[in-house]
Amino acid sequence: MTSSPDRPPLELRAIQVPGRMAPRLMEVSLQLRPGERVALVGPSGAGKSTLLAVANGLLSPEAGEVLWNGVAPARSRRRRRRQQALIGTLWQDLRLIEELTVQQNLNAARLARWGWPRALLNLVLPLDTAANAAVLERVDLSALLLGQPVTALSGGQRQRLALARLLRQDPLLLLADEPLAHLDPRLARELLGLLLEQARGRRALLLSLHRPDLLDGFDRVVALRQGRVVLDASPSELTGSQLAALYRSEA
Amino acid sequence: MTAIPARSWRQLRLAPPLLPLLPALVWLPVLLMLPAVFHGGGWDLIGQFARAAFSPSLDPQVLGSALSGLGVTVGIALLGWALSLALGLLGGVLSSRTVWRTATGSALPAAWMRRLLAVPRAVHELLWGLLLLQLLGLQPVVAVLAITIPYAALVARVVSDLLDALPTKGLEALRLAGAPAGPALLTALGPALQPGVLSYGGYRLECSLRSATLLGVFGLGGLGTDLRLTLQSLQFHELWSGLWLLLLVMLALEALLRGLRRRWAMPARFGLTHRSVGRGGREVALGLLLLLPVLVVVAMALGVNPLQLGQLQPLPPWSADWPAVAALPWPSLIGSTLGLTLLAAALAVGSAPLLLLMMAPWPWGRVLMQAIWALGRLWPPPLTALLLLFVLQPGVLTAALALAFHNLGILGRLLLEAEESASVLAEEALGAAGTGPRLALLYGRFSVLARSYLAYGAYRADVILRETVVVGLVGAAGLGSLLLEALSSFAIDQLIALVAVYVVLTLVGEDLSDRLRRRLLAA
């Protein structure tokens, strides 16, 4: 898939996702410019995870339009998969494959681009060691971990591995669903720093989080409440009272 | 920068997702060998058989006969199952180390009981059926006993394993507080044992229905007899009337047991690794109480009379010729039986995940695959063997394909159950990153399933070894075909020797598969 330099990596136009009691998303529009770093905030149940699921194609909206790199999701499964290969998600529960090694997990990020022979070979032999070592280094992990089973890693190492896997995928759009939840403050800052660092060039970042104290490094903050966008501003414009109002109903 | 570890061929290692697919490699030599096994004709018969599936006979007489045959099969299955469960529970308690240690202070009697119960377990229900047929003549009680004897021994083994795996701290506390052995055992272990026993008991009912059909194929009554006769007389439309009815009953039973397993929070069968607490004790007790009058009515309707057990048939005269028995080609007989077992097991264990993977992108393909698996489960292997003989020559490969088809149906269903209960998260994440459905399934879910599936496959191989006897009728299939010959010609000396060899092989196989299973689950 070719990517034009000025096309937004992600554009949502008047997205609607129904829910059981109330709509999960109502008329949500959002555009991410190339290289832009956007924080998605809002109380629990505001629709942040739903929005990210629409953004990575896991959920199809009932109404509205999703554009990836300026193009609607293809109907052909093969072409759609090629589009999704350019969207990387950092999951809150990481979703590492516990039974595989670090190297195999990193290579799993390339499966959308690999054919069967390579995908099978990855389950037998260590492949692309240099490229994997390079992404591990970018997240401050040692290449010596490549042959280790994922189960041997500490909590912090697992977070970094999940991020390294995302880099190995080399996506145009980085999505992260509450990646800092359950992390101690030091680790949360470190991981956020790494994430913000990766959004450069054309790669944009959309990250949902609960902590107003960590918004500094972002270009924009988008706030959701009850499935609607209620605020879209730069972090410097954001006031304490606005944030307090956003979370007040939750309390 | 840290040094990058160099790649070496010593790092070659199969990752878990590939393990369940490994046995499917056996298809390569099988496909190479198959052309030589075709005898050139019979395809029109296979075509007629397949077409008849869509136009089963609806003649009231045919349907009436099939229904009454089905009634006998279900009745035999129900009685054999209930008796085996009651005796198996008793046997299980009597062969439990924990029970003996608590009651007498020594676990030695448990070890002896286990050894004693190994013999009836090692002999397939078909053999029991044919032996009892010689002793008692043709009557429904023969089929019921043929199921009861080996099944009771199997249930006993599982119950004692479950009992001995339960934590004993509660039991020790009760004993220290002065409770007598019986009440202490019942209070401390009874409730914890219940979900495992119920889940396994339900599974045995499904097996019992399959066994009752199989016994019918060998003339012990019920629908199986009709199926074999209609197949041999090429009445495919009538054959399918019976098959569809049997399929309906089997699927209904499976659905009922699945529902009960969920309702009573019983553990999944796969690998028997996850145990839950279980609930619905009152409902379970009520269900069992209701079952008793049903069993009495079924026994009366079938004409099962326990008094007939005392009336033995006079045996024909026989003389032992042990040197002739010793001169039998034992190494080749044993070799071909083991070869048949391994081939059938590899085909069945490997094909289920391979098919699941191939069908991953197509929901309709999955439905079709499930339908074929259901047919494989209910269709007794000797009938598959007979069907294959339309196009293939008799031999080990034909017998292996017949056994594999049946076991593929059983393994496939278990794999699907496990696949549905395994976490979908990793697979979903791979899919969201553009990975195709097959690779996402392989990496995301096979990783989790691999070991427990193979552990179950090891147990299945052990069952297949026992089942080799049922495909003996396609000839050249090792000990099984000689055993059936010895039975029909009443060569008791050969029969004794062959059964003894079967028992030893089965027990060794059971031990090996147990070790393999423990290793797989521990890894």
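Residues numbered from 1 in each chain as written. Chains lettered and ligands numbered in written order. Predicted model: local features only at pLDDT ≥ 70, side-chain atom pairs only at ≥ 80, totals over all residues.

1. What about the overall build of chain A?
If you tally the helices and strands in chain A, you get eight helices and nine strands. Radius of gyration (C-alpha) of chain A: 18 Å, near the 18 Å computed for a compact globule of 251 residues. Over its C-alpha atoms, taken along the principal directions, chain A stretches across nearly 55 × 45 × 35 Å. For chain A, buried positions account for 47% of its 251 residues. Taking as baseline every contact in chain A between residues at least 6 positions apart, the subset at least 24 positions apart corresponds to 69%. (Helix = DSSP H or I, 4+ residues; strand = E, 2+ residues; numbered from the N terminus. Rg over C-alpha atoms; globule rule 2.2 N^0.38 Å. Buried ≥ 20, exposed ≤ 12 C-beta atoms within 10 Å, placed from the backbone. Contact = placed C-beta atoms within 7 Å.)

2. A word on the domain arrangement of chain B
A common measure of how large an interface is: the accessible area buried when the components associate. Residues and elements named next belong to chain B. Assigned domains within chain B: domain 1 (14-45 + 321-523) and domain 2 (65-309). Taking only C-alpha atoms, the centre of domain 1 and the centre of domain 2 are 23 Å apart. Looking at the side of domain 1 that touches domain 2, the elements that each hand over two or more residues are α15 (363-378), α16 (381-388), α17 (396-421), α20 (446-467) and α22 (492-522). In terms of residues, the side of domain 1 that touches domain 2 owes the most to one element, α22, which gives six residues. Across the side of domain 1 that touches domain 2, the residue classes break down as 21 nonpolar, three polar and four charged. (Domains from an automatic or database assignment. Nonpolar A, V, L, I, M, F, W, Y, C, P; charged D, E, K, R; others polar.)

3. What to know about the packing of helix α5 (residues 129-138) of chain A against helix α6 (residues 155-169) of chain A
All names here are of chain A. Remark: α5 packs on α6, axes separated minimally by 9 Å, with the N-to-C direction vectors making an angle of 130 degrees. If you check the angle between α5 and α6, you find them oblique. Crossing handedness for the pair α5 and α6: right-handed. Within the contact between the two elements, α5 uses Asn132, Val135, Leu136 and Arg138 and α6 uses Ala164, Leu167 and Arg168. When its residues are assigned to classes, the contact of α5 with α6 shows four nonpolar, one polar and two charged. (Axes fitted to C-alpha atoms, helices over the stretch in contact; angles between N-to-C directions. Parallel < 35°, antiparallel > 145°, perpendicular 65-115°, else oblique. Left-handed = near helix turned anticlockwise from the far one by under 90°.)

4. Focus: the domain arrangement of chain A
Residue and element names in this part refer to chain A. Domain parsing of chain A yields domain 1 (7-86 + 173-251) and domain 2 (96-170). Each of domain 1 and domain 2 has a C-alpha centre, and these two points are 26 Å apart. In this assembly, 10 residues from domain 1 lie in contact with eight residues from domain 2. Of all the secondary-structure elements, those providing two or more residues to the side of domain 1 that touches domain 2 are α2 (77-84) and α7 (185-198). The element that contributes the greatest number of residues to the side of domain 1 that touches domain 2 is α7, accounting for five residues. A breakdown of the residues in the side of domain 1 that touches domain 2 according to their chemical character gives seven nonpolar, two polar and one charged.

5. Here we look at the interface of chain A and chain B
Counting residues at the interface gives 35 residues for chain A and 28 residues for chain B. Looking at the side of chain A that touches chain B, the elements with two or more residues in it are α2, β5 (87-90), α3 (102-108) and α5 of chain A. In terms of residue count, the dominant contributor to the side of chain A that touches chain B is α5(A) (four residues).

6. Some words on the confidence of the model for chain B
Residue and element names in this part refer to chain B. Overall, the predicted model of chain B reaches an average pLDDT of 86, with 94% of residues at or above 70. Note on residues 271-277: pLDDT under 50 across the span, and 17 contacts to partners over four residues away in sequence or across chains. Per the prediction output, this complex has pTM 0.86; the corresponding ipTM is 0.90. (pLDDT = per-residue confidence, 0-100.)

7. Some thoughts on the packing of helix α14 (residues 330-358) of chain B against α20(B)
Residues and elements named next belong to chain B. Contact geometry for α14 and α20: axes closest at 10 Å, N-to-C directions at 150 degrees. Taken together, the axes of α14 and α20 lie roughly antiparallel to each other. Like other packed secondary-structure pairs, α14 and α20 cross with a definite hand, here right-handed. Taken together, the residues of α20 that come into contact with α14 (itself represented by Thr341, Ala344, Ala345, Ala348, Val349 and Pro353) are Phe446, Gly457, Arg460, Ala461, Ile464 and Leu465.

8. So, the confidence of the model for chain A
Should the pLDDT be low somewhere, the predicted coordinates at that spot are not to be read in detail. Overall, the prediction assigns chain A a mean pLDDT of 89, with 97% of residues at 70 or greater. When pLDDT is averaged over each element of chain A, α3(A) comes out on top at 96 and helix α8 (residues 240-248) of chain A at the bottom at 81.

9. Some remarks on the sheet that holds strand β1 (residues 10-17) of chain A
Residue and element names in this part refer to chain A. Overall, antiparallel pairing links the three strands, which are arranged β2-β1-β4 in an open sheet. Each of the sheet's edge strands pairs with one partner strand only, and the pair in question is β2 (25-32) and β4 (63-68). Each adjacent strand pair in this sheet contributes to an overall mean axis angle of 10 degrees, direction not counted. Pairing geometry for β1 and β4, over five bridges, is antiparallel. Bridging across to β4, Arg13 finds its partner in Glu65. (Pairing = 2+ DSSP bridges.)

10. Details of the sheet that holds strand β9 (residues 228-233) of chain A
Sheets are built from strands that pair by backbone hydrogen bonding, the pairs being arranged parallel or antiparallel. Residues and elements named next belong to chain A. Sheet architecture is open: six strands sit in the order β5-β6-β7-β3-β8-β9, paired in mixed fashion. Of all strands in the sheet, those with a lone pairing partner are β5 and β9, marking the two edges. Looking at each pair of strands side by side, their axes are set apart by 20 degrees on average, direction ignored. The pairing of strand β3 (residues 37-41) with strand β8 (residues 220-225) spans four bridges and is classified as parallel.

11. Examining helix α1 (residues 48-55) of chain A
Counting along an α-helix, one turn takes 3.6 residues, and residues three or four places apart therefore face a common direction. With respect to burial, α1(A) is a largely interior element, seven of its eight residues being buried. The positive-phi residue at the C-terminal boundary of α1(A) is A:Gly57, with phi of around 90 degrees.

12. Quick look at the environment of A:Ala176
Residue and element names in this part refer to chain A. The topology assignment puts Ala176 in strand β6 (residues 173-177). With 25 C-beta atoms counted inside 10 Å, the residue Ala176 sits in the buried group. Along the backbone, Ala176 and Val229 are 53 residues apart, and their C-alpha atoms lie at a distance of 18 Å. Once you skip the residues sitting within four places of it in the chain, Ala176 turns out to touch Leu90, Leu195, Leu207 and Ser208.

13. Some words on the environment of A:Val54
All names here are of chain A. Among the secondary structure elements, Val54 is positioned in helix α1. In sequence terms Val54 and Val17 are 37 residues apart; their C-alpha atoms lie 8.9 Å from each other. For Val54, the contacting residues outside a window of four places in its chain are Leu12, Ile15, Val17, Leu59, Pro61 and Val66.

14. Let's talk about the pairing of β3(A)
Look at any regular strand and the pattern is simple: side chains alternate between the two faces of the sheet. Residue and element names in this part refer to chain A. Of all the five residues making up β3, five are buried; the element is thus mostly covered by neighbouring parts of the structure. Burial along β3 is two-sided: the residues Arg37, Ala39 and Val41 and Val38 and Leu40 are all buried. Sheet analysis places β3 next to strand β7 (residues 204-208), joined by four bridges and oriented parallel. Of the residues in β7, the one forming a bridge with Ala39 is Leu207.

15. A few points about unusual backbone geometry
Residues and elements named next belong to chain A. Backbone geometry places Glu27, a non-glycine residue, at a positive phi of 50 degrees. Positive phi, normally seen in glycine, also occurs at Asp128, with a value near 50 degrees. Structurally, the position occupied by Asp128 is in the loop between α4 (116-121) and α5. By C-beta crowding, Asp128 is classed as partly exposed, having 18 other C-beta atoms within 10 Å.

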